[in-house]
Amino acid sequence: MVRLEQLGAVGALEGGGVCRLALSDADREGRDLVRGWMEELGLRISIDAVGNVIGVRPDKRGGVTAPVLVGSHLDTVATGGIYDGSLGVLAGLEVIEALGEAARETERPVAVGFFTNEEGARFTPDMLGSGVHQGALDLETCLAARDRDGLCLGDELQRIGYAGDQPCGGWRASSYLELHIEQGPVLEREKQLIGAVTGVQGISWTEWTLEGTSNHAGTTPMSMRCDSGVVAALVLAFVRRLALDMGGSQVATVGALSFVPNLVNVIPKQVTMTVDLRNTSEASLAEAEARTAAFIAECAQAEGVRVRSRSLARFAPVEFDPSLVQAVEQAAGRLGFSSRRLPSGAGHDAQMFAPNCQSAMIFIPSAGGLSHNTEEFSSPAEIEAGARVLLSVVLGLAG
Ligand code: GLV
Ligand code: MN
Ligand code: MN
């Protein structure tokens, strides 16, 4: 808890919450702090070419390969809370500390890692660092990613001193675990302390650019407009209706929308908007994508607006290792904590590891289901419960 609060003070926003966008000065400060703690705990630290940082506690023979890896991220959205990501990394340090205090030697190394740009709030896609680490994303393409101000990820890594010398994906974990806040309402609503996460739903992010014609708001007859703003509004309403119609786990969000020139008396020439679609079923996610694209094409044509699209992120749904999900559940039971299985609605670094090593996640409740919100909160008792489950599962895996 002390570390969580200290880290939460880095990039703290007035009135609560935190802004530590990936590779910003605040991210550097947060990274330096956590790296210092890793050093104090005697971990062998490596930094790779995309800025992922991993500290390893060797096994009882001094080996460092194929560790049980506990990881998450330190970057936040611009209006984030102090728990998303940080909790998983700092809980990993608690595990290392507990092993040290008990002078416990393990059959396998145990490692703690934090991965670059998990949020996707500054650079896209999200889970960028873990994606490169696990070979799902191309290093050079990711280093060339640009933020909204045109700044390049590779340059920003250099600037903050985290362009490491280790090749990406040079080693594999034997297993990967991530403790995270649920970021949704299920555990709290059902009064369950621990979530044994079964998988992560598929994620599709698309940026749509709508090109209309700027003209005078007072003089242009309604019948003669090519109004990109109107198309954007129709799309925004459509994706909500689509998600409600499709039901199941389908969700849809327009989270960013900008008008050019954004003036009271000018018909917007250009709109840039994002559509975030998610579903636990790949087929349903593909259907949502196709229906959205068809609707946008139809509306744009009717309004005389041109359309461009760019995929910002696309990840298929992932299922976690059934035996590890069960291990989480059993650990919760042994410790006397209530638990239930649930899928994750949010993206996580764990999903990038799942195809390559046995992986799972542990959730704890989020007050009011709030996350990506400065009010994000989980209680000390919930955090302790999650950390104890994590420790128990790590011990089972590390031997
Ligand atoms: C990452 O936090 C995401 O799920 O958007
Ligand atoms: Mn997170
Ligand atoms: Mn997040």
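Residues numbered from 1 in each chain as written. Chains lettered and ligands numbered in written order. Predicted model: local features only at pLDDT ≥ 70, side-chain atom pairs only at ≥ 80, totals over all residues. Heavy atoms only, no water.

J.: Before we go on, may I ask you to explain the coordination of the manganese ion (ligand 2) in this structure?
T.: Each pair of donors in an ideal four-coordinate tetrahedral metal site encloses 109.5 degrees, whereas pairs in an ideal six-coordinate octahedral site enclose 90 or 180 degrees. Taken together, the protein donors to the manganese ion (ligand 2) comprise H73 (NE2), D84 (OD) and H180 (NE2), at separations of 2.0 to 2.2 Å. Written as a sequence motif, the donor residues of the manganese ion (ligand 2) are H-x10-D-x95-H. In this structure, the manganese ion (ligand 2) lies 3.6 Å from the manganese ion (ligand 3), and both are coordinated by D84. Here the residue H73 occupies a position in the loop between β3 (68–72) and α3 (86–101), and D84 occupies one in the loop between β3 and α3, the gap between them amounting to eleven residues. The class of D84 is buried, set by a relative accessible area of 4%. (Donors = N, O, S within 2.8 Å, 3.2 Å for Na, K, Ca; no water. Helix = DSSP H or I, 4+ residues; strand = E, 2+ residues; numbered from the N terminus. Buried < 20%, exposed > 50% of the residue type's maximum accessible area, 1.4 Å probe, protein only.)

J.: Would you mind showing me how to read a nonpolar patch on the surface here?
T.: Together, L236, L257 and F259 give the surface a local cluster of nonpolar side chains, amounting to about 240 Å² of exposed area. For L236, the position within the fold is in helix α8 (residues 228–246). (Patch = residues over 30% accessible without salt bridge, like charges linked within 9 Å, V, L, I, M, F, W, Y side chains within 5 Å. Areas by Shrake-Rupley, 256 points an atom, 1.4 Å probe, with all protein chains shown as cover. Salt bridge = Lys/Arg side-chain N within 4 Å of Asp/Glu carboxyl O.)

J.: Could you clarify how one ought to interpret the domain arrangement of the chain in this entry?
T.: When the parts of a complex come together, some accessible area is lost, and that lost area is often used as the size of the interface. Once the domains are mapped, the chain shows domain 1 (2–200 + 318–398) and domain 2 (202–315). Here the C-alpha centre of domain 2 lies 33 Å away from the C-alpha centre of domain 1. Across the contact, 15 residues belong to domain 1 and nine residues belong to domain 2. Carbon and sulfur atoms supply 63% of the area buried between domain 1 and domain 2, which totals about 770 Å² over both sides. At the junction of domain 1 with domain 2, the criterion picks out zero salt bridges. Taken together, the residues of the side of domain 1 that touches domain 2 break down into seven nonpolar, five polar and three charged. (Domains from an automatic or database assignment. Contact = heavy atoms within 4.5 Å. Buried area = accessible area lost by both parts, 1.4 Å probe. Nonpolar A, V, L, I, M, F, W, Y, C, P; charged D, E, K, R; others polar.)

J.: Quick question: what am I supposed to make of the site of ligand 1 here?
T.: Around ligand 1, the surrounding shell consists of E118, E119, D126, W205, R278, A346, G347 and H372. Take E119: an N or O atom from its side chain is 2.9 Å from an oxygen atom of ligand 1. G347 has a polar backbone atom sitting 2.6 Å from an oxygen atom of ligand 1. Bound to the protein, ligand 1 loses 94% of the 190 Å² it would expose on its own. (Near = heavy atom within 4 Å. Polar contact = N/O pair within 3.5 Å; in protein donor to acceptor, adjacent residues only side chain to side chain.)

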